[in-house]
Amino acid sequence: MARPVEFEMDTVLQKAMDTFWEHGYSATSMSNLVEVTGLKPGSIYAAFGSKEGLFLSAIDKYGQRSVKRLQALIEQAD
């Protein structure tokens with residue numbers, strides 16, 4: 001049986017997103033992601049499958065957050 005996730009998903013995705021944004025996908029290594037997230041490589045692979053999986057999850061989170069901001073702006077508009 002797999003162990004339950006023991007980290008804050010939003011925090012990990014934000015840190016990964018910032019790192020990908022700063023360095024680009026290709027220049028961001030798994031070592032960079034381990035350092036900024038504080039997760040061990042096995043935890044990253046277990047949660048996201050790969051560096052690409054983490055990248056896609058971070059992009060998805062960015063998109064969700066952007067949509068929420070746009071919805072809030074629309075609701076505030078006259």
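Below is a short write-up of the structure.

1. Some remarks on the nonpolar core
Counting twelve residues, the largest nonpolar core is built from Val 12, Leu 13, Ala 16, Met 17, Phe 20, Met 30, Leu 33, Leu 39, Ile 44, Phe 48, Leu 54 and Ala 58. Listing elements by their share of this core, those giving two or more residues are α1 (9-23), α2 (30-37), α3 (41-48) and α4 (51-76). Among the elements that take part in this core, α1 stands out by supplying five residues, more than any other. If we ignore the near neighbours within four places in the chain, the residues touching Ala 58 are Leu 13 and Met 17.

2. Topic: α4
With 26 residues, α4 should reach 38 Å at 1.5 Å per residue; the first-to-last C-alpha distance of 38 Å fits that figure. Turning to α4, its buried residues are Lys 51, Gly 53, Leu 54 and Ala 58. Close packing links the buried residues of α4 with α1, α2 and α3. The N-cap residue of α4 is Ser 50: its side-chain oxygen and the backbone nitrogen of Glu 52 are 3.3 Å apart.

3. A few points about the packing of aromatic side chains
Describing an aromatic ring pair means giving the distance of the ring centres and the angle of the ring planes. Enumeration over the complete set of coordinates arrives at three aromatic pairs. Their ring planes at 85° and their centres at 5.0 Å tell us that Phe 20 and Phe 55 sit as a pair that is edge-to-face. With Phe 20 in helix α1 and Phe 55 in helix α4, this pair connects stretches of sequence that are 35 residues apart. Under the relative-accessibility criterion, Phe 20 is labelled buried at 6%. An aromatic cluster is present here, built from Phe 20, Tyr 25 and Phe 55 joined pairwise through their rings.

Thresholds applied
- Residues numbered from 1 in each chain as written.
- Predicted model: local features only at pLDDT ≥ 70, side-chain atom pairs only at ≥ 80, totals over all residues.
- Heavy atoms only, no water.
- Core = buried A, V, L, I, M, F, W, Y, C linked by side-chain atoms within 4.5 Å.
- Buried < 20%, exposed > 50% of the residue type's maximum accessible area, 1.4 Å probe, protein only.
- Helix = DSSP H or I, 4+ residues; strand = E, 2+ residues; numbered from the N terminus.
- Contact = heavy atoms within 4.5 Å.
- Expected span 1.5 Å × (residues − 1).
- Polar contact = N/O pair within 3.5 Å; in protein donor to acceptor, adjacent residues only side chain to side chain.
- Phe/Tyr/Trp six-rings, centres within 6.5 Å; stacked < 30°, edge-to-face > 60°.

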